[in-house]
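The residues making up each chain are set out below.
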Amino acid sequence: MAGRGTVDPAQMRAAVAAVREWLCDESVAAPTRTELAEAVRTTARSLAASAPGHSVEVRVPPFVAVQCVEGPRHTRGTPPNVVETTPRTWLLLVTGLLDFDTAVAAGAVHASGTRAAEIAHWLPLTRVRGN
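As the structure is a computational prediction, the values presented were derived from the model and not from experiment.

## Thoughts on the packing of helix α2 (residues 33-50) against helix α3 (residues 87-94)
The contact between α2 and α3 brings their axes to 10 Å, and the two run at 50°. Considering the angle they form, α2 stands oblique to α3. The interaxial crossing formed by α2 with α3 has left-handed handedness. Residue-level contacts link Leu-36, Ala-39, Val-40, Thr-43, Ala-44 and Leu-47 of α2 to Pro-87, Trp-90, Leu-91 and Val-94 of α3. Among the residues making up the contact of α2 with α3, the classes are represented as 9 nonpolar, 1 polar and no charged.

In structure tokens form, the structure reads like this:
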């Protein structure tokens, strides 16, 4: 990756491909922490590059938090618009294997604030085929 805000699309696709089997079948051995971190970070940073701005904070602990979506800039304290989820759920969202509204309804994604759901407009970032 050239810089913190720059994501090579091929690098993102390769990182997602490394965890694809596990995304499609949770019974498969989990990817290594390094593989998982790379997939989460490159996809979150790709979202931030695709939807530049500072009005929504996307958190995927423990790997990454990015600000995205044009609008009012948040600078202190807890942001008013937050999307937070687990690494696996995040990767399911960005690959199109899980719908944002379905994930929120199931409690797999915590989306707070009036603008949080706007990230769904940019999902999925890449597609993988299920088994």
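Back to the write-up after that little detour.
## Quick word on α3
The buried fraction of α3 is high, at 8 of 8 residues. Every buried residue belonging to α3 is among Pro-87, Arg-88, Thr-89, Trp-90, Leu-91, Leu-92, Leu-93 and Val-94, and all of these are buried. Its buried side turned inward, α3 meets α1 (9-24), α2, β1 (56-60), β3 (82-85), α4 (100-105) and β4 (109-112).

## Details of the nonpolar core
Core analysis: the biggest nonpolar cluster contains 32 residues, and Val-40, Val-58, Cys-68, Val-83, Trp-90, Leu-91 and Ile-119 have the highest contact counts within it. No other element matches the 7 residues that α2 contributes to this core. Once residues within four sequence positions are removed from consideration, Cys-68 is found in contact with Leu-47, Ala-48, Ala-51, Pro-52, Gly-53, His-54, Ser-55, Val-56, Val-58 and Ile-119.

Thresholds applied
Residues numbered from 1 in each chain as written. Predicted model: local features only at pLDDT ≥ 70, side-chain atom pairs only at ≥ 80, totals over all residues. Heavy atoms only, no water. Axes fitted to C-alpha atoms, helices over the stretch in contact; angles between N-to-C directions. Helix = DSSP H or I, 4+ residues; strand = E, 2+ residues; numbered from the N terminus. Parallel < 35°, antiparallel > 145°, perpendicular 65-115°, else oblique. Left-handed = near helix turned anticlockwise from the far one by under 90°. Contact = heavy atoms within 4.5 Å. Nonpolar A, V, L, I, M, F, W, Y, C, P; charged D, E, K, R; others polar. Buried < 20%, exposed > 50% of the residue type's maximum accessible area, 1.4 Å probe, protein only. Core = buried A, V, L, I, M, F, W, Y, C linked by side-chain atoms within 4.5 Å.

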